[in-house]
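# Geometric and topological summary
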Amino acid sequence: MDCERGQNLLSEFLDGSLPESEQASVNAHLRECLPCRAVKEGLEETLLLLRGLPQGKAPTELLDGVRRRIAREEVPPTPFWKKLFLPAHIKIPLEAAAAILLFLLVYGTWKEELPNLFSPRPAARMDAAPAKEFTKPAEHDASKAPSPPRAQAAEEAVPGDRPVPREKAEPGRTAQNERDSGRSAGSAGTRTAARVPSLPPASSRSQPSLPVIPAQRVSTAGERIEPPSAAAPPSRVARPVPFGREVTIEVAAQNRPGLEERIAAAAVRLGGSVQDEPAKAGIDSEGAVDIVRVHLPADSARPFLAELSKLGILPAEGMSDRAVLTAGPSSEVVGYTVRIRVR
Amino acid sequence: MDSNGGSPRPVDLLLQAFRQGKPGAFDAIVLAHQDRVYAFCSRMLSDREEALDIAQEVFLSAYRNLGGFREEAALATWLLRIAANRCLNRIRQRSSLAAREVVFPDGAERDYPLFQPPAPEEGRPDRIAENREMAKILERALGRIDPDSRWLLLLSDVEGFTYEEIAAMAGIPVGTVKSRLHRARMALRKILAPVV
């Protein structure tokens with residue numbers, strides 16, 4: 001047996017796990033080979049050291065640590081409701097406060113939206129409107145009587161030298177809606193001519209007149225009033241102007257119905273607007289004596305009077321001194337009070 | 001090695017008690033094995049804190065899995081096997097260990113400082129082995145052995161398992177256990193040569 005082979009078998013030799021023959025061969029080699037015997041002795045002493053290592057005592061915290069870890073594992077997961085409500089003295093008040101805040105927030109938002117939620121939509125309102133409600137939503141007219149240029153013109157700014165606030169036209173609104181809102185707001189602003197006859201008497205005349213594009217109208221007599229044509233000039237009336245120019249128009253009784261609408265249509269066609277809150281002067285024995293107040297560009301005053309003369313007679317005594325303007329271009333705005341008298 | 005014939009071992013009784021849900025049974029199992037497990041971990045890891053941590057993990061793992069323990073081996077063998085796996089995993093996690101490990105087999109140049117023995121007047125090694133200081137020296141020497149061989153060394157020469165038991169625990173052939181164990185012993189002898 002050579003040294004390499006003998007040394008490779010040393011471990012098993014010392015463990016006594018070699019077969020007897022090999023055990024004897026290694027033993028014989030060790031007796032003859034001093035270096036291998038030295039290696040064997042060194043290995044033997046190493047094993048003695050290893051086997052003589054003291055066992056040692058585990059620290060006492062080992063068992064404690066094991067117990068802690070096991071206890072941590074055995075703790076059942078906290079149920080959701082406990083996480084939600086415990087500790088009760090802290091979480092329940094906090095959650096209650098959060099719930100109240102959330103309720104207030106939702107309620108506040110809902111309350112703001114409430115009027116819109118309960119108010120009927122224009123289309124539905126039109127369906128339910130009585131026959132005398134002659135205004136229809138403008139979108140219904142869009143396909144029949146295209147008026148975008150007119151509408152756009154009405155929304156355009158007034159001439160540059162008159163930067164005044166104005167109100168946007170709301171084509172979707174019905175006359176009833178607008179009247180309702182006008183009442184609730186206490187506003188006497190300018191609206192369409194169509195609603196003039198049905199509004200209560202005016203007590204104030206201080207509100208600014210703002211041009212509004214009238215929707216398609218039907219007179220109380222069932223006569224259809226065409227909206228202002230696209231060719232009509234844009235309204236330039238946008239600031240409060242007193243209705244100091246008075247005109248009286250006399251009409252026969254059979255022509256009386258719907259006269260307000262025709263006057264209003266003429267004013268709007270000429271770029272003017274109609275006072276939203278008509279002032280009824282009173283009712284005489286033969287019929288209504290009504291007043292229609294309009295604003296017009298000064299250069300439309302004459303055409304307006306011409307239109308009125310087509311609708312009825314304009315007696316000279318019914319005209320105030322300033323009713324007829326002098327000719328010539330003007331950027332002024334004039335206010336007319338048209339009194340209707342039935343012959 | 002724990003086998004002692006047909007009569008049940010005390011540990012087996014503890015195991016039965018644990019399975020019957022008797023209070024304190026698992027504590028008794030821990031107490032019965034903690035010194036051995038801790039010593040093994042300590043020698044594998046050369047670090048007391050880490051050894052304590054791993055030993056606790058071993059018993060925690062045992063607590064979780066004792067229900068499925070089929071007693072094909074002694075409980076101690078099973079625990080040491082868990083300990084060996086945990087220690088090897090921990091060692092592999094150490095990035096700094098590679099520089100300290102011994103590269104063997106034979107003839108390889110040492111790239112680590114020579115083992116510094118204690119003063120020669122401390123006497124013969126067989127007496128020194130009983131000395132705590134010598135035990136520390138030996139454990140430090142063990143720490144220089146490749147971990148995959150170290151645990152074979154500990155199981156065989158410290159814990160007294162047979163080749164077959166070690167092969168079963170390590171999942172390697174008996175011949176491989178023998179050769180690797182021999183190389184580990186020779187490497188340790190080299191390290192301890194100035195002492196022994």
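Note that the structure is predicted; figures quoted are calculated from it, not measured.

### Some thoughts on the overall build of chain A
Summing up its helical and strand segments, chain A has 13 helices and eight strands in all. Of the contacts formed within chain A by residues at least 6 apart in sequence, a portion of 76% connects residues at least 24 apart. In the structure as shown, chain A presents an accessible area of about 18600 Å², 58% of it carried by carbon and sulfur atoms.

### A word on the interface of chain A and chain B
Each partner contributes residues to the interface: chain A has 34 residues there, and chain B has 38 residues. Taken over both partners, the interface formed by chain A and chain B buries close to 3500 Å², and the fraction arising from carbon and sulfur atoms is 62%. In terms of surface lost to chain B, no three residues of chain A exceed Leu49(A), Leu50(A) and Arg69(A), which account for 19% of the buried area on that side. Of the charged contacts in the structure, one is a salt bridge between Asp27(B) and Arg67(A), with a shortest N-O distance of 2.7 Å. Where chain A touches chain B, the interface holds twelve residue pairs in polar contact (both at pLDDT 80 or more). Counting only elements with at least two residues in the side of chain A that touches chain B, the list comes to helix H1 (3-8), helix H2 (10-15), helix H4 (34-51) and helix H5 (61-74) of chain A. Of all the elements, H5(A) adds the most residues to the side of chain A that touches chain B, at ten residues. Here the residues of the side of chain A that touches chain B are counted per class, giving 14 nonpolar, ten polar and ten charged.

### Topic: the state of the cysteines
All names here are of chain A. Applying the stated criterion across every chain yields a total of zero disulfides over all chains. Free cysteine Cys 3: the closest other cysteine sulfur is in Cys 33, separated by 3.4 Å. In this structure Cys 3 comes out as partly exposed when scored by relative accessible area, which is 34%. The thiol sulfur of Cys 33 is not disulfide-bonded, and the nearest other cysteine sulfur, from Cys 36, lies at 3.4 Å.

### A short note on the packing of aromatic side chains
Residue and element names in this part refer to chain A. For the coordinates displayed, the defined rule picks out seven aromatic pairs over all chains. Between Phe 103 and Tyr 107, the aromatic rings sit 5.8 Å apart at their centres with planes inclined by 15°, giving stacked as the arrangement. Here Phe 103 and its partner Tyr 107 are both found in helix H7 (residues 88-118), four residues apart, which amounts to about one turn of the helix. On the accessibility criterion, Phe 103 (54% relative accessible area) is exposed. Each member of the aromatic cluster is reached from another via a ring pair, and the members are Phe 103, Tyr 107 and Trp 110.

Thresholds, definitions, all that
- Note on numbering: residues in each chain are counted from 1, in written sequence order.
- Chains carry letters from A onward and ligands carry numbers from 1 onward, assigned in written order.
- Note on the predicted model: pLDDT of at least 70 is required for a residue's local features to be given, and 80 or more for side-chain atom pairs to be given and counted; whole-chain, interface and lining totals, by contrast, use all residues.
- Heavy atoms throughout the structure, all of them, feed into the side-chain values; hydrogens and water do not.
- A run of H or I in DSSP becomes a helix once it reaches four residues, and a run of E becomes a strand once it reaches two; helices and strands are each numbered from the N terminus.
- Only heavy atoms enter the contact rule, under which two residues are in contact if any of them lie within 4.5 Å.
- Residue exposure ignores everything except the shown protein chains as possible cover, and the areas themselves are Shrake-Rupley values with a 1.4 Å probe.
- A 1.4 Å probe defines the accessible area here, and the buried area is the portion of it lost by two parts on being joined, summed over both.
- Whenever Lys or Arg places a side-chain nitrogen within 4 Å of a carboxyl oxygen from Asp or Glu, that contact is recorded as a salt bridge.
- Polar contacts here mean pairs of N or O atoms no more than 3.5 Å apart (in protein, one a potential hydrogen donor and the other a potential acceptor; neighbouring residues in sequence count only if both atoms are side-chain atoms).
- Polar here means any residue outside two lists: the nonpolar Ala, Val, Leu, Ile, Met, Phe, Trp, Tyr, Cys and Pro, and the charged Asp, Glu, Lys and Arg; Gly therefore counts as polar.
- The rule for a disulfide is simple: a pair of cysteine sulfur atoms within 2.5 Å.
- Residue exposure (1.4 Å probe, protein chains only): buried if accessible area is under 20% of the type maximum, exposed if over 50%, otherwise partly exposed.
- Side-chain rings of Phe, Tyr and Trp, where Trp is taken by its six-membered ring, are said to pair if the distance between their centres is within 6.5 Å; with planes under 30 degrees apart they count as stacked, over 60 as edge-to-face, and otherwise as tilted.

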